[in-house]
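# Structural features, examined
Next come the chains, spelled out residue by residue.
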Amino acid sequence: MALQSLQITAITAMRARDVSRPTQEQQEAADERPLRDETPRREPRRGRDRDTRQAQG
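All values derive from a computational prediction rather than experimental measurement.

What counts, and where the lines are drawn
- Residues numbered from 1 in each chain as written.
- Predicted model: local features only at pLDDT ≥ 70, side-chain atom pairs only at ≥ 80, totals over all residues.
- Heavy atoms only, no water.
- Helix = DSSP H or I, 4+ residues; strand = E, 2+ residues; numbered from the N terminus.
- Buried < 20%, exposed > 50% of the residue type's maximum accessible area, 1.4 Å probe, protein only.
- Areas by Shrake-Rupley, 256 points an atom, 1.4 Å probe, with all protein chains shown as cover.
- Patch = residues over 30% accessible without salt bridge, like charges linked within 9 Å, V, L, I, M, F, W, Y side chains within 5 Å.
- Salt bridge = Lys/Arg side-chain N within 4 Å of Asp/Glu carboxyl O.
- Lys, Arg positive; Asp, Glu negative; His and termini not counted.
- Charge placed at Lys NZ, Arg CZ, Asp CG, Glu CD.
- pLDDT = per-residue confidence, 0-100.

## Details of the overall build of the protein
- Helix and strand counts for the protein come out as 3 helices and 0 strands.
- Counting helices and strands in the order they occur from the N terminus, the protein gives α-α-α.
- Expressed as a percentage of the 57 residues in the protein, the buried residues total 0%.
- As displayed, the protein has an accessible area near 6500 Å², and 50% of this comes from carbon and sulfur atoms.

Structure representation (structure tokens):
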């Protein structure tokens with residue numbers, strides 16, 4: 001309910017827009033990175049199980 005009384009002025013909106021805009025360097029880095037669904041899936045980590053098996057054997 002508190003958000004209903006929040007007044008957003010033009011200055012606040014412009015500042016929020018500027019802050020949310022990535023820099024040119026950030027944009028270029030994002031363009032080079034593969035999309036999430038284009039990256040191969042990793043095997044789930046089971047490091048603890050592997051360590052205990054080696055210690056027992």
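## Examining a negative patch on the surface
- A surface patch of like charges, here negative, comprises E25, E28, D31 and E32.
- For D31, the position within the fold is in helix α2 (residues 24–32).

## Regarding the confidence of the model for the protein
- Per-residue pLDDT for the protein has a mean of 76; in total, 70% of the residues score no lower than 70.
- Mean pLDDT values over the elements of the protein span from 56, in helix α3 (residues 47–56), up to 92, in α2.

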